[in-house]
Amino acid sequence: MTDTAANRVSPDRPSRGALQAELIAEAATKRGRSSDLRPLLRLIPYIQRRPIDVAAAAIFLILAAAATLALPVAARALVDRGFATATPEAVNQWFLLLVGVALSMAIFAASRFYFVTKLGERVVADLRADVYDRLIGLSPSYFARVRTGEALSRLTVDATLIDSLVGSSASIAIRNLVMLAGGLSMMVVTSFKLTLMVLLIIPLVLVPLFTIGRRVRNLSTSAQDRIAEAAAEASESLDAIETVQAFGRVDYVRGRFRQAIEISFTAARRRIAARSVMTALAISIVFSGISFVLWEGTRSVLEGNMTPGALTQFVILSLLAGSGVGALAEVWGDIQKAAGATQRLSEILDEVPDIAAPLQPKCFPTESLGWVRFKDVTFAYPSDSDRNALIGVSFEVRPGQTVAIVGPSGAGKSTLFRLLLRYYDPSSGVITLDSVDARDLGPDSWRDRFAYVSQNPDLFTGTAMDNILFGNPYATPKMAQEAARRAEAEPFILSRLGGYDQAIGDRGRALSGGERQRLAIARALVRDAPILLLDEATSALDAENERLVQKAFDEAMTNRTTLVIAHRLATVQRADWIIVLDKGQVVEQGTHYDLVAKGGLYAHLAKLQFEPQMFA
Ligand SMILES: Nc1ncnc2c1ncn2[C@@H]1O[C@H](COP(=O)(O)OP(=O)(O)OP(=O)(O)O)[C@@H](O)[C@H]1O
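What you are looking at is a predicted structure, and each value in this text was computed from that prediction instead of being measured.

Visitor: Give a description of the domain arrangement of the protein chain that names residues and reports values.
Guide: Size of an interface: often given as the accessible area lost when the parts come together. Looking at the protein chain, the domain boundaries give domain 1 (14-190 + 321-353) and domain 2 (192-305). Distance between the C-alpha centres of domain 1 and domain 2: 25 Å. Taken together, the contact pairs 10 residues of domain 1 with nine residues of domain 2. Taking both partners together, domain 1 and domain 2 bury about 800 Å²; carbon and sulfur atoms supply 72% of that area. Linking domain 1 with domain 2 are zero salt bridges.

Below you can see the structure in the form of structure tokens.
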């Protein structure tokens, strides 16, 4: 981790990671469950990829359970033989055996914990990576349906739930199942009658405990919600403190906060009361049960039907079995939650990208001309399939030409770029580059031939050099510097940022609009792609920045086929050809002077949009 200001935390505050973990854990408690456990089958291939860990986990699971079950046997031997023979040596021996059993239990349990938890972390790491691989390859139409926040929360919260399942709940469940099966069989062997009694008592103990347990859980969620509401109330009024004070509503706000606090206190009191009842019930039922079995057992010992050691063994075994049932019931909820989480992650894994490579993708000719053609292209966004955003659009951009696309807002200019970058494919019609149909290629090889500068370019946290090389990971630092020079970005990189290797801050937010755009032009230049797509910023830059960006654009356009969504007079005047879009259709095309002379939509737009610039 680099030592940036954002990462430095004061020692008495939780770190960013700790806060994040807390938020994720809180969100996880509120996630829904699924009574259908089938989605969990989806995890099997991930588990199968780690056979050694699975084998080690299984072996230590069984060994740890066996060692735990050996403990009551050792206790029995100690009581029956140790006490009976009563020689100090025998007692020493039996205690040594007991310590030996306990020690091996410790080693097996630790190894089981290590392998099972490691397996869980591994499975979740693999699953997370797969989900992210899938997400980043999906087309923007997916993110029009599913909010980015939702996708991210699946990647964090749901993956955490699966983590806790594979890394702990599953291990608890399997361990307790093994113990329960082993414990019960040993109990039957030790005393069939007492086992029957225990089997009757266990549900008597557990049913009321679970009923109240569920109520306590619901009450504690509702108490947390009330606290969150009170906190939101406080934060809203503190944010608006000036308004609160200006309107003399301080007492009113105090009253409301007090009320919110009281409500949350009442919720908390209910939870505490339910918990107290549960504690009392738990202690009384469990101990009555134990006493009853002990009473019956002691009578058997007195009648000579059982040795004291066998009774000791039986009591320990039944405690182990009882806690096994309790643990199983407790993790049942986690297992259902993890099934829900796996289901949500599987939905992402099953998502098929809209744009996929054909089975037998074609290749571009090695020598790229940069010749773009739209042939009768019609397109509707999947989220708005009744309305065509482009209708029968045909035009061509010949190698090396600069073509400006103009049109009123909503005309379809950006949509045209989105089709060129293959975020979507046309509903009908064909887009070709150097005579190759876009649909005959994989999206990556198609996009390789394009460099794109958007209106408001995304930059990444990192250095200026990282950001330029993002355009082309194969470029050398020297090529990146050359690109920055041509994009007029070098002066501010050296002076304001302090060099190529200096961080540009959180996503370059501290850079001005012009600086961001010049860095983005450098990123596009280093890509050295045959087609350049430029989306001129509509927001006004100051005169100096405007001049620099324009120079950078001019440099980028030289010797390259360029399509530019134009907002400036200088750009349209310099373009070889202008395409005028309106309501998704090409309504005019020609040169600036032809189109002005024609007196159509372009002439009108030029008057409204460009002319003021002539006098600026
Ligand atoms: N993701 C989307 N889903 C549905 N409709 C969309 C989507 N994006 C754009 N549209 C619609 O498609 C039409 C064309 O939009 P587009 O963004 O291409 O216009 P534009 O010419 O670039 O406008 P502007 O100059 O304001 O950016 C508009 O009617 C718009 O509402």
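Now, onward.
Visitor: Give a detailed account of the site of the ligand, specifying residues and quantitative values.
Guide: Around the ligand there are 14 residues in total, and Ser-409, Gly-410, Lys-413, Ser-414 and Thr-415 lie nearest to it. With respect to the ligand, the side chain of Ser-409 contributes an N or O atom lying 2.6 Å from an oxygen atom. Thr-415 places a polar side-chain atom, nitrogen or oxygen, 2.4 Å from an oxygen atom of the ligand. Out of a free accessible area of 630 Å², the ligand has 68% covered by protein chains. Broken down by element, the residue count for the shell around the ligand peaks at four residues, all from helix 11 (residues 413-420). By residue class, the composition of the shell around the ligand is four nonpolar, six polar and four charged.

Visitor: So what about helix 10 (residues 308-350)? Which residues, and what values?
Guide: The end-to-end C-alpha distance of helix 10, which contains 43 residues, comes to 60 Å, matching closely the 63 Å that a straight helix rising 1.5 Å per residue would cover. Along helix 10, the sharpest change in direction is near 30° and occurs at Val-331.

Visitor: Report on the UniProt feature "transmembrane region" (unreviewed entry) in the protein chain, specifying residues and quantitative values.
Guide: Mapped onto this numbering, the UniProt entry annotates "transmembrane region" (unreviewed entry) at residues 52-74, 94-115, 194-212, 272-294 and 314-335. The span residues 194-212 is 100% helical and 0% strand by assignment, and the distance between its end C-alpha atoms comes to 28 Å. Summarising residues 314-335: 100% helix, 0% strand, and an end-to-end C-alpha distance of 31 Å.

Visitor: Residues and numbers for the pattern of salt bridges, please.
Guide: Here the idea is simple: oppositely charged side chains can pair when their charged atoms come close. On inspection of all chains with the given rule, the structure shows 23 salt bridges. A salt bridge links Asp-384 to Arg-387; its shortest N-O distance comes to 3.0 Å. On the accessibility criterion, Arg-387 (56% relative accessible area) is exposed. One salt bridge connects Arg-568 with Glu-536, and the closest N-O pair in it is separated by 3.6 Å. Remark: Glu-536 occurs in the loop between strand 7 (531-535) and helix 17 (543-557) and Arg-568 occurs in the loop between strand 8 (561-565) and helix 18 (569-574); sequence separation between them is 32 residues. Residue Arg-568 shares its accessibility class with Glu-536, and that shared class is buried. Sharing partners across several salt bridges, the network here consists of Arg-49, Arg-50, Arg-122, Asp-126 and Asp-130.

What counts, and where the lines are drawn
Residues numbered from 1 in each chain as written. Predicted model: local features only at pLDDT ≥ 70, side-chain atom pairs only at ≥ 80, totals over all residues. Heavy atoms only, no water. Domains from an automatic or database assignment. Contact = heavy atoms within 4.5 Å. Buried area = accessible area lost by both parts, 1.4 Å probe. Salt bridge = Lys/Arg side-chain N within 4 Å of Asp/Glu carboxyl O. Near = heavy atom within 4 Å. Polar contact = N/O pair within 3.5 Å; in protein donor to acceptor, adjacent residues only side chain to side chain. Areas by Shrake-Rupley, 256 points an atom, 1.4 Å probe, with all protein chains shown as cover. Helix = DSSP H or I, 4+ residues; strand = E, 2+ residues; numbered from the N terminus. Nonpolar A, V, L, I, M, F, W, Y, C, P; charged D, E, K, R; others polar. Expected span 1.5 Å × (residues − 1). Bend = angle between axes of the 7 residues up to and from the residue. UniProt positions renumbered as here; feature names shortened; annotations may be inferred. Buried < 20%, exposed > 50% of the residue type's maximum accessible area, 1.4 Å probe, protein only.

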